[in-house]
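# Chains, contacts and geometry: an overview
Residues per chain, in single letters:
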Amino acid sequence: MPLFDELAAMDSDDPRHTEIRDKLVTGHLPLAEHIAQRFSGRGAPKEDLVQVATVGLINAVDRFEPAQGNDFLSYAVPTVMGEVRRHFRDASWSMRVPRRLKELHLAVAGASTKLAQQLGRAPTPGEIAAHLEITKDEVYQGLEAGQAYHAMSLDEPVTNDGDGMPLGESIGQDDSGLEGVENHEALEPLIKELPERERRILALRFFYNMTQTQIAERVGISQMHVSRLLSRTLSRLREDLVQESDQQP
Amino acid sequence: MWWDVTDPQRADDSIGAKDDIEMRLGANLVHLPIVRSVAVNIAMRADFDIDAISDLELAVDESCSSLITHAAPGSVLTCRFTIGADEIVFTATVNSPAPSTPSTTTFGWRVLSTLTDNVEAWAEPGTDSHHRIHLELTKLRPVVPG
C-alpha cells in the first residue's frame, strides 16, 4: 500500500496529507458499505449504518501504521465492525425521535469529527453549519437531539475493544491520582466500579486535562458520545457519593 | 420575597446588562435538565466550540447539584447567566441553613475547575437565619489559533 507509506511519512500539516487521506477513505468506501450491509436487517436504517461504518473507516485510515507490517484490510475490518457494533450497543434512542432529527444528529456528529480532525480543535456550531450547508438552528437541533440517545445500562459490561488502556491512564488503581482530594476514600471504590471506558474517559478529562475532542480521538468515539458518557458518569458518582454520606452516622 | 443582600459588590440584583438571563426554580434535582438546556442554548448561540458547550453544561449540572444538596428544604435555586463578548458567567444561588461553601478540595471542585476557567464560592447572611450560598463559574471563549 504505497499511499499508506506516503501518508505515514508525511507531516499532517502537509496540504497533500488531506488529499491522500481523502483518497484512501474514498477508495475504501465499498468496504464500509459492505460491512454496513452485513449489519442491515437489525432495525437500524441502512444509511445510518453506512455513516457509522464510514466513521470507523476514517478512524482506521488515521490509525493504521503500515510500518507494523500488517495489511490495511486486516486492520480496517475489525475497526469498522467495532464501530458498527458500538453503534448498536450505544445508540438506541430512548424516545420516539423523528427520523429527520436522528439524521441531523448523525450528520452533526459526523461533521464534528471530521472538522475536529481538520482543524485540530473542536469546531463551533457555526463551522458545522457552514460545513454541512445547513442553518445554525439546524445544528442546534442536531446537537439537542443527542439528548434523547438512550443511556445504556450502567451495569453493562464493556468489552475491551482491543485498544489496551495504557498504564496510568486509569484512575482508581494503585496510582489513583486522587491524592489531595478530600473525599477520595469514598470516591475510589466508586470509580473502580465504573466500566473501563467510562473510568478512562473520566481520568483523561479530569486528571490528564485532555479536551473532549482529544479524548474522542484517543478512544475512537465521537465528541458527542464522550460528552454523554462524562455526563452520565459524573451524575452516577454524585448519586453514589450522596448515598454513601447518607449512610454515615 | 426580597433577600437581604449585604455585599455591595454583589448587590446589583437588577438585570444590568440586558442580555442577562435569570431563572428561579425550586431547589430540586428534577429541574436540572431545564438549566442544562438553557446553558447549552446560550453557549451554542454564542458560538462557543462544542467542547466548551459541553463543558459548560457539565459544570452547570455539577454546581447546581452541589448547591441543591445543601439547600434548605423548599428553597429556591436562582440561576443567572451573564453573557459577555468572550465569556459566559453562570451564578447559582440557594438558601442554606449552614454558612459553609463547597469545599475546594473535593472531587466536585476539581470537576468544576477543570471544566471552567474560574470557579468561586461565597456565602453571605440571608433572612430567617439562613445563608445565601453562591457558586459562580466563568467559561471563556476558547482562543482559536490562527
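Residues numbered from 1 in each chain as written. Chains lettered and ligands numbered in written order. Predicted model: local features only at pLDDT ≥ 70, side-chain atom pairs only at ≥ 80, totals over all residues. Heavy atoms only, no water.

## Describing the interface of chain A and chain B
Many authors give the size of an interface as the accessible area that is lost as the parts come together. Taken residue by residue, the interface counts 38 residues in chain A and 28 residues in chain B. Looking at the side of chain A facing chain B, the largest losses of area belong to Tyr140(A), Phe206(A) and Arg238(A), adding up to 21% of the total buried there. Taken together, the connections running from chain A to chain B amount to five salt bridges. Glu62(B) is the salt-bridge partner of Arg238(A), the closest N and O atoms lying 2.7 Å from each other. Taken together, the links from chain A to chain B amount to 15 residue pairs in polar contact (both at pLDDT 80 or more). Those elements that provide at least two residues to the side of chain A that touches chain B are α7 (125-132), α8 (136-145), α10 (196-206), α11 (212-219) and α12 (223-247) of chain A. Taken together, the residues of the side of chain A that touches chain B break down into 16 nonpolar, 14 polar and eight charged. (Contact = heavy atoms within 4.5 Å. Buried area = accessible area lost by both parts, 1.4 Å probe. Salt bridge = Lys/Arg side-chain N within 4 Å of Asp/Glu carboxyl O. Polar contact = N/O pair within 3.5 Å; in protein donor to acceptor, adjacent residues only side chain to side chain. Helix = DSSP H or I, 4+ residues; strand = E, 2+ residues; numbered from the N terminus. Nonpolar A, V, L, I, M, F, W, Y, C, P; charged D, E, K, R; others polar.)

## A look at the packing of α8(A) against helix α1 (residues 32-45) of chain B
Running from amino to carboxyl end, α8(A) crosses α1(B) at an angle of 145°, the nearest separation of the two axes being 11 Å. The chirality of how α8(A) crosses α1(B) is right-handed. Note on element contacts: α1(B) touches α8(A) through Asn41(B), Met44(B) and Arg45(B), opposite Lys136(A), Asp137(A), Tyr140(A), Leu143(A) and Glu144(A). Classifying every residue of the contact of α8(A) with α1(B) gives three nonpolar, one polar and four charged. (Axes fitted to C-alpha atoms, helices over the stretch in contact; angles between N-to-C directions. Left-handed = near helix turned anticlockwise from the far one by under 90°.)

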